[in-house]
Amino acid sequence: QSLALRNALRYFPPSHHATLASEFAQELRQYGHIYMYRFCPTLHLRAYPIDQYPCRTRQAASIMLMIMNNLDPAVAQFPQELVTYGGNGQVFSNWAQYWLVMHYLSEMTEEQTLVMYSGHPMGLFPSLPSSPRAIITNGMVIPNYSSRDQYEKMFALGVSMYGQMTAGSYCYIGPQGIVHGTMVDEAPLRKRHEQGWLMEVTSSMEHCIKRIREAKSSKTPLSLGYHGNIVDLWEKLLQEFERTGDLLVDLGSDQTSLHNPYNGGYYPVQLSFRQANQLMSTDHNRFKTVVQESLRRHIKAINKLSDAGMFFWDYGNAFLLEAQRAGAEVEKAGGGATEFRYPSYVQHIMGDIFSLGFGPFRWVCTSGDAQDLAVTDDIAATVLGDISANATDRIRQQYNDNIRWIREAGKHKMVVGSQARILYSDQRGRVSIALAINQAIADGRVSAPVVISRDHHDVSGTDSPFRETSNVYDGSAFCADMAVQNFVGDAFRGATWVALHNGGGVGWGEVMNGGFGLLLDGSEEAAKRASLMLNWDVSNGVARRCWSGNSHAYETIQRTMEEHRQLRVTMPFPVEDEHVLDRALQG
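Only a predicted model underlies this, so the values are computations on that prediction, with no experimental measurement involved.

### Description of the overall build of the chain
Scanning the chain for helices and strands turns up 19 helices and 15 strands. By principal-axis analysis of the C-alpha atoms, the chain measures approximately 70 × 65 × 65 Å. Within the span of the chain, comprising 587 residues, buried residues form 55% of the whole. Put simply, of all contacts in the chain between residues at least 6 apart along the chain, 67% involve residues at least 24 apart. If you sum the accessible surface of the chain, you get close to 25,600 Å²; carbon and sulfur atoms cover 52% of it. Across the chain, the centroid of the 52 positively charged side chains sits 3 Å from that of the 61 negatively charged ones.

Written out as structure tokens, the structure reads:
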């Protein structure tokens, strides 16, 4: 505790230490971390138009805008704790860091780079105009010490931080990026209902079941939020099946924050919300036991519904991983190290999509003007339509789905926070959209610069053996070269800022992931940066997936090399005769 206090007080002159020390000590005792609540801004944090930020460079202003969007109460899960999403995914570790970062960004020139160590701004360092304006690392821990127990200690000391994916890289865009689906707290449930992401909300189990029956019977679309414990709901669905023979759920999954199972990411069914919070803080070992008991019940109900015909898949949020550690029946007979009884959606669906080069590409209109977003929507749809005309059938299907999405997104009012949009695109589509938007800025059709980015959950951005790389079967699923190379490669190919994180999505010590932000300002330089960086940002992951033996990736990178003559990728030769291996191993 003494070291944690000392670490927190070093942000302030000694004349303030006597006042702050007692406040910070109380926060440490109560919350296990020093957030410095007294420095939480009174200003309404949101994505203000880019020209309202007091900066010397628009690149710095764009980073400010994205930070403030991540902390917007309409966007962030727990804004006062600087948590954007996922239960504990932070932008910064405390509010002193927020103020320092905003100060540095306001002073930054195009010959300086802001260096960020797990939420802490180490300072502005001289660099080139072509360099990133910010380099962010979160949770970079020596591998042997990257355990949950060590994380808790380092977080309490204020020396490391869990940035999730796009929280700590300042690139979250609200529920368009991810509608976080399974939690216990009523506040985010009400928030998503008010924002239009849920049509109905109920805390009555009976009413919930009744509405499911009615919607299925009438074949009426319905998004229904249930305020209660998910295990109770699964068990009720099972009871209904056993009582009536009606299987009310055809497709099932789970988005519980089990990357953080014992600190608020999972609430056990045996306890109320209040009881769970109390036990979590007073008897952590007992709370862990109760969580694991709940997980075994959780899986038992799912298994029985699955046996009855429900198709269940893992979202890749460590649900099955933690269930396995709790002793639940999720083993896959004869399965590999990353396989369970149920497929992850990466293994089942997304892996092949990633291998085609498709992933979540996004942009933010820094004017804050909805008209600019409408123009960029139209640009993206037109660009994808032009490309799809000459695409293969498999790729044309992906384009058509995304063209439909982008054509209809505006009328469904998907925006929460910044004027942002997301779609799935491959390498050619991303580059073409970025260049077309950059030209529209130059022509004045879009009134202000646009930030392009992506989720870390993408083709190249994340090494995660239980999610993004769970369909890599050459033994390299637990290697992190791809994500680290992507971070470094984006940095020197033109990104405005880059980030590398430990733990996003599946949990601390389980994954390495990175992302970027790149400001399009209508200049030829911005076009050059976007083309060079986006081509690398996709090809890197497709090449790795090709080398691991994925046939879709092989075809994709082969075609990309034909289009880009400077690209030369080492291609694998398959073992055509399996008997060669058998004979060699038998000696």
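Now, onward.
### Some details on a nonpolar patch on the surface
A cluster of nonpolar residues, Tyr 117, Met 122 and Phe 125, forms a patch on the protein surface that exposes about 300 Å² of accessible area. The exposure class of Met 122 is partly exposed, given its relative accessible area of 37%.

### Considering the environment of Leu 224
Residue position: Leu 224 is located in strand 7 (residues 224–226). For the pair formed by Leu 224 and Leu 5, sequence separation is 219 residues and the distance between their alpha carbons is 45 Å. Residues contacting Leu 224, with those up to four places away along its chain left out, are Leu 198, Glu 200, Val 201, Thr 202, Cys 208, Arg 211 and Ile 212.

### Some points on the UniProt feature "domain: Urocanase N-terminal" (unreviewed entry) in the chain
According to UniProt, the positions carrying the feature "domain: Urocanase N-terminal" (unreviewed entry) are residues 45–171. Across residues 45–171, helical content stands at 28% and strand content at 18%; the span's end C-alpha atoms are separated by 15 Å.

### What to know about the nonpolar core
By size, the foremost hydrophobic cluster in this structure holds 62 residues, and its most contacted members are Trp 363, Ile 433, Ile 452 and Leu 534. Of all the elements, helix 13 (residues 370–388) adds the most residues to this core, at 8 residues. Grouped together as the second largest cluster of nonpolar side chains are 43 residues, Met 205, Val 231, Leu 258 and Tyr 342 included.

### A few points about the pattern of salt bridges
Applying the stated rule across the entire model yields 31 salt bridges. A salt bridge links Lys 236 to Glu 240; the shortest N-O distance between them is 3.6 Å. Of the two residues, Lys 236 and Glu 240 both sit in helix 8 (residues 230–244), 4 residues apart, roughly one turn of that helix. Take Glu 240: its relative accessible area is 5%, and that puts it in the buried class.

### Regarding the packing of helix 9 (residues 273–282) against helix 10 (residues 284–307)
Where helix 9 contacts helix 10, the axes come no closer than 6 Å and their chain directions differ by 130 degrees. When the axes of helix 9 and helix 10 are compared, the pair comes out oblique. Contact residues: helix 9 offers Ala 276, Leu 279, Met 280 and Thr 282, while helix 10 offers His 284, Arg 286, Phe 287 and Val 290. Looking at the contact of helix 9 with helix 10 residue by residue, the classes come out as 5 nonpolar, 2 polar and 1 charged.

### What to know about the packing of aromatic side chains
One pass over the full model with this rule turns up 22 aromatic pairs. With centroids separated by 6.4 Å and ring planes inclined at 65 degrees, the aromatic side chains of Phe 92 and Tyr 98 adopt a geometry described as edge-to-face. Across the pair, Tyr 98 and Phe 92 agree in class, each one buried. Pairing Tyr 267 with Phe 273 gives two aromatic rings, centres 4.9 Å apart and planes at 45 degrees, and the pair type is tilted. Using a relative accessible area of 36% as the deciding quantity, one classes Phe 273 as partly exposed. Three or more aromatic residues joined by ring pairs make a cluster, and in this case those are Phe 92, Trp 95, Tyr 98, Trp 99 and Tyr 170.

### Structural notes on helix 5 (residues 148–157)
One turn of an α-helix holds 3.6 residues; hence residues three or four places apart share an orientation. Buried within helix 5 we find Tyr 151, Met 154 and Phe 155. All buried residues of helix 5 project into a common sector of 100 degrees when viewed along the axis, lining one side. Among the exposed residues of helix 5, those pointing more than 90 degrees away from its buried face are Asp 149 and Lys 153. Looking at the buried positions of helix 5, the neighbouring elements they touch are strand 2 (89–90). Positive backbone phi, approximately 80 degrees, marks Gly 158, located one or two places after helix 5.

### Some thoughts on the packing of helix 13 against helix 15 (residues 427–443)
Two numbers describe how helix 13 lies on helix 15: the axes approach to 9 Å, and their chain directions differ by 135 degrees. Taken together, the axes of helix 13 and helix 15 lie oblique to each other. Both helix 13 and helix 15 take part in a crossing whose hand is right-handed. Packed against helix 13, whose contacting residues are Thr 376, Ile 379, Ala 380, Val 383, Leu 384 and Ile 387, the element helix 15 presents Arg 428, Gly 429, Ser 432, Ile 433, Ala 436, Ile 437 and Ala 440 at the interface. Classifying every residue of the contact of helix 13 with helix 15 by side-chain character gives 9 nonpolar, 3 polar and 1 charged.

### Quick look at the pairing of strand 12 (residues 450–454)
The side chains of a regular strand alternate between both faces of the sheet. Where burial is concerned, most of strand 12 is hidden: 5 out of the 5 residues are buried. Relative to strand 12, strand 10 (residues 359–365) runs antiparallel, the two sharing 5 bridges. Along strand 12, the bridge assignment pairs Phe 361 with Arg 454. Two strands pair when backbone bridges link them, and strand 12 and strand 15 (residues 512–520) are joined in this way by 4 bridges, in the antiparallel orientation. Bridge pairing in strand 15 links Ile 452 to Leu 518.

### Describing the pairing of strand 14 (residues 497–502)
Along strand 14, 6 of the 6 residues are buried, which leaves the element largely enclosed by surrounding structure. Here strand 14 shows no split at all, with Trp 497, Ala 499 and His 501 on one side and Val 498, Leu 500 and Asn 502 on the other all buried. With 5 bridges connecting them, strand 5 (residues 134–138) and strand 14 associate as parallel partners. If you follow Thr 137 over to strand 14, its bridge partner there is Leu 500. Inspection of the sheet shows strand 14 paired to strand 15 by 6 bridges, in the antiparallel sense. The residue bridging Ala 499 from the neighbouring strand is Gly 515, located in strand 15.

The rules behind the values
Residues numbered from 1 in each chain as written. Predicted model: local features only at pLDDT ≥ 70, side-chain atom pairs only at ≥ 80, totals over all residues. Heavy atoms only, no water. Helix = DSSP H or I, 4+ residues; strand = E, 2+ residues; numbered from the N terminus. Buried < 20%, exposed > 50% of the residue type's maximum accessible area, 1.4 Å probe, protein only. Contact = heavy atoms within 4.5 Å. Areas by Shrake-Rupley, 256 points an atom, 1.4 Å probe, with all protein chains shown as cover. Lys, Arg positive; Asp, Glu negative; His and termini not counted. Charge placed at Lys NZ, Arg CZ, Asp CG, Glu CD. Patch = residues over 30% accessible without salt bridge, like charges linked within 9 Å, V, L, I, M, F, W, Y side chains within 5 Å. Salt bridge = Lys/Arg side-chain N within 4 Å of Asp/Glu carboxyl O. UniProt positions renumbered as here; feature names shortened; annotations may be inferred. Core = buried A, V, L, I, M, F, W, Y, C linked by side-chain atoms within 4.5 Å. Axes fitted to C-alpha atoms, helices over the stretch in contact; angles between N-to-C directions. Parallel < 35°, antiparallel > 145°, perpendicular 65-115°, else oblique. Nonpolar A, V, L, I, M, F, W, Y, C, P; charged D, E, K, R; others polar. Phe/Tyr/Trp six-rings, centres within 6.5 Å; stacked < 30°, edge-to-face > 60°. Arc of directions from axis to C-beta. Left-handed = near helix turned anticlockwise from the far one by under 90°. Pairing = 2+ DSSP bridges.

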